[in-house]
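Next come the chains, spelled out residue by residue.
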Amino acid sequence: DGGITQSPKYLFRKEGQNVTLSCEQNLNHDAMYWYRQDPGQGLRLIYYSQIVNDFQKGDIAEGYSVSREKKESFPLTVTSAQKNPTAFYLCASSVPGGFYGYTFGSGTRLTVV
Amino acid sequence: KQEVTQIPAALSVPEGENLVLNCSFTDSAIYNLQWFRQDPGKGLTSLLLIQSSQREQTSGRLNASLDKSSGRSTLYIAASQPGDSATYLCAVVSGTYKYIFGTGTRLKVLA
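Residues numbered from 1 in each chain as written. Chains lettered and ligands numbered in written order. Predicted model: local features only at pLDDT ≥ 70, side-chain atom pairs only at ≥ 80, totals over all residues. Heavy atoms only, no water.

### Let's talk about the overall build of chain B
Now for step 1: A tally of helices and strands in chain B yields zero helices and 11 strands.
Now for step 2: In sequence order, chain B lays out its α and β elements as β-β-β-β-β-β-β-β-β-β-β.
Now for step 3: Here the C-alpha radius of gyration of chain B, 13 Å, is about what a compact globule of 111 residues would show, namely 13 Å.
Now for step 4: Taking the principal axes of the C-alpha coordinates as reference, chain B spans close to 40 × 25 × 20 Å.
Now for step 5: Out of the 111 residues belonging to chain B, those deemed buried represent 41%.
Now for step 6: A separation threshold of at least 6 residues defines the contact pool for chain B, and within that pool the share at least 24 residues apart is 55%.
Now for step 7: Entry remark: accessible area of chain B is about 5200 Å², with carbon and sulfur atoms responsible for 49%.
Now for step 8: For chain B, the separation between the mean place of its 10 positive charges and that of its 8 negative charges on side chains is 6 Å. (Helix = DSSP H or I, 4+ residues; strand = E, 2+ residues; numbered from the N terminus. Rg over C-alpha atoms; globule rule 2.2 N^0.38 Å. Buried < 20%, exposed > 50% of the residue type's maximum accessible area, 1.4 Å probe, protein only. Contact = heavy atoms within 4.5 Å. Areas by Shrake-Rupley, 256 points an atom, 1.4 Å probe, with all protein chains shown as cover. Lys, Arg positive; Asp, Glu negative; His and termini not counted. Charge placed at Lys NZ, Arg CZ, Asp CG, Glu CD.)

Here it is in C-alpha cells:
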C-alpha cells in the first residue's frame, strides 16, 4: 500500500544534540512538507520541497535543516540551535501545489530530556 | 495573507446528534480545501477534499460544503457516534501553493 512512513514514533533529545527525523513516501509525490504541531496551536510549516534537490523555508525554519536527495525521502534535522524542540512533527506529501490534497504520516513526538 | 479559522474550538454532543463544524478563510482565491481528522497522538487522516470548482463532497455520514465567495466551509456529520470523537482540521491551498491550517475543532461525542 502507498503511504508515508515516519520514524521513529518517539524520539528523545539531550540538550545540545542534533537529531534527525525520517520521512519516506512511496506515493510518487514530487512535493514533501514538514510541519510542527504544538498543543493548542495549528500546524506550522517548517520546510517544504517541491522537487528533488530543492527546498524552501517555511514559517518557522530557524533551528531546523532538511535535505532532498531522493524523491522518496525528506529527512528533517532538529539542530541544537532550536531552543524549544519538544513538539509533534508531521511529514506530508502531495503532487506539486497540493491540488489533489496532502497525505500525512503518523508523526514523530520529540521530547527534550 | 491567508488565515483559516475554525469555530468552535471544542464541541461536546450526545450520540446520534447531527452536527456542523465551521471553517472560514480570509482569501477566497483558493485552489482546494481539505478536511482532516486527527486522533490524539496520531497523524492526520484525510476525510474530504473539495476542489475550487466544486460546491460539496460526500463520504458516508460526512458532507463538506464550500462557499468561496463567503470564505466558508462546513463539515456536516450525521448521526454522530462516540468513534467520531477526534480533532477536525481544515486546510486551504491558495496562491502560495502551500496548505494553511486552521487550529481545529475538538469533538467529543458522548455515549
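### Points about the nonpolar core
Now for step 1: Counting residues in each nonpolar core, the largest one holds 23 residues, and the members touching the most others are Leu 33, Trp 35, Leu 75, Ile 77 and Tyr 88 of chain B.
Now for step 2: The residues contacting Tyr 88 of chain B, other than those within four sequence positions of it, are Gln 6, Leu 21, Phe 36, Arg 37, Leu 47, Leu 75, Ile 77, Gly 104, Thr 105 and Leu 107 of chain B.
Now for step 3: Within the second largest apolar cluster, 19 residues are counted, among which are Leu 21, Trp 34, Tyr 47 and Cys 91 of chain A. (Core = buried A, V, L, I, M, F, W, Y, C linked by side-chain atoms within 4.5 Å.)

### Quick word on the sheet that holds strand β6 (residues 56-59) of chain B
All names here are of chain B.
Now for step 1: In spatial order, the strands read β1-β3-β8-β7-β6; together these five strands make up an open sheet with antiparallel pairing. The open sheet is flanked by β1 (4-7) and β6, the only strands paired with a single partner. Averaged over all pairs of adjacent strands, the angle between their axes in this sheet comes to 15°, without regard to strand direction.
Now for step 2: The sheet contact formed by β1 and strand β3 (residues 19-25) spans four bridges and is antiparallel. Note on β3: the bridge partner recorded for Ile 7 is Asn 22. (Pairing = 2+ DSSP bridges. Axes fitted to C-alpha atoms, helices over the stretch in contact; angles between N-to-C directions.)

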